[in-house]
Amino acid sequence: VQLQASGGGLVQAGDSLRLSCAASGRTFSSYTMGWFRQAPGKEREFVASISWNGGSTRYADSVKGRFTISRDNAKNTVYLQMNSLKPEDTAVYYCAATNTWRATMEREYHYWGQGTEVTVSS
């Protein structure tokens, strides 16, 4: 599967942004999808994941209550709605796919998009 992330940009603290990740291939609906991010000078970290049918989601503690992951299997797309953005959310955001149920670790994901940059100014 090939992944294409989009929707990043420059916003102010407190604003909202929605990232999208479009996938190619007929098997999208079978994958757990995840979002990761990498801030300047830091390692890539888990943000959120969603099971193949959307019935199970997981979030990093740092984004719980502010970010929401969702998917539309008919459109082969996964979303990350980001509300109440903070400067510390500034990072390049990557979407990824895996066959592993409820995966949260980078090494569990097999397919990666190219990343979309989010900058939150204070």
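Here, the structure is the one placed above.
What you are looking at is a predicted structure, and each value in this text was computed from that prediction instead of being measured. (Residues numbered from 1 in each chain as written. Predicted model: local features only at pLDDT ≥ 70, side-chain atom pairs only at ≥ 80, totals over all residues. Heavy atoms only, no water.)

(A) The arrangement of the side chain of Ser-56 in detail. When you line up the elements, Ser-56 lands in the loop between strand 5 (45-50) and strand 6 (57-59). Each residue touching Ser-56, except ones within four places of it in the same chain, is listed here: Ser-49, Ile-50, Ser-51, Trp-101 and Arg-102. (Helix = DSSP H or I, 4+ residues; strand = E, 2+ residues; numbered from the N terminus. Contact = heavy atoms within 4.5 Å.)

(B) Representation of the nonpolar core. The biggest cluster of nonpolar side chains holds 35 residues, and the ones touching the most others in it are Met-33, Trp-35, Leu-80, Met-82 and Tyr-93. Every element with two or more residues in this core is listed here: strand 1 (3-6), strand 3 (17-23), strand 4 (32-38), strand 5, strand 7 (67-72), strand 8 (77-82), strand 9 (91-98) and strand 11 (116-121). Counting residues per element, this core draws most heavily on strand 9, which supplies five residues. Ignoring any residue separated from it by four or fewer positions in sequence, one finds Leu-80 in contact with Leu-17, Arg-18, Leu-19, Trp-35, Val-47, Ala-48, Phe-67, Thr-68, Ile-69 and Tyr-93. (Core = buried A, V, L, I, M, F, W, Y, C linked by side-chain atoms within 4.5 Å. Buried < 20%, exposed > 50% of the residue type's maximum accessible area, 1.4 Å probe, protein only.)

(C) Examining the sheet that holds strand 8 more closely. Strands sit in the order 1-3-8-7 across an open sheet of four strands; the sheet is antiparallel. Of all the strands in the sheet, just strand 1 and strand 7 have a single pairing partner and so form its edges. Averaged over all pairs of adjacent strands, the angle between their axes in this sheet comes to 15 degrees, without regard to strand direction. (Pairing = 2+ DSSP bridges. Axes fitted to C-alpha atoms, helices over the stretch in contact; angles between N-to-C directions.)

(D) Summary view of the environment of Thr-104. Relative to the elements of secondary structure, Thr-104 occurs in the loop between strand 9 and strand 10 (111-112). Expressed as a C-alpha distance, the spacing of Thr-104 and Trp-52, which sit 52 residues apart in the sequence, is 14 Å. In contact with Thr-104, other than residues within four places in its own chain, are Phe-36, Phe-46, Ser-49, Arg-58 and Tyr-109.

(E) Region of the structure containing the side chain of Ser-20. Within the secondary structure layout, Ser-20 lies in strand 3. In contact with Ser-20, not counting residues within four places along its chain, are Gln-4, Ala-5, Ser-6, Trp-35, Thr-77, Val-78 and Tyr-79.

(F) Fine view of the pattern of salt bridges. All told, the structure shown has five salt bridges when counted by the stated rule. Residue Arg-37 pairs with Asp-89 through a salt bridge whose shortest N-O separation is 2.9 Å. Taken together, the positions of Arg-37 in strand 4 and Asp-89 in the loop between strand 8 and strand 9 put the pair 52 residues apart, joining distant regions of the chain. Taken as a pair, Arg-37 and Asp-89 share a single burial class, namely buried. Between Arg-44 and Glu-106 there is a salt bridge, with its nearest N and O atoms 2.8 Å apart. Pair noted here: Arg-44 is in the loop between strand 4 and strand 5 and Glu-106 is in the loop between strand 9 and strand 10, with a separation of 62 residues, a long-range link. Look at the salt bridges and you will find they share partners, linking Arg-37, Glu-45, Arg-66 and Asp-89 into a network. (Salt bridge = Lys/Arg side-chain N within 4 Å of Asp/Glu carboxyl O.)

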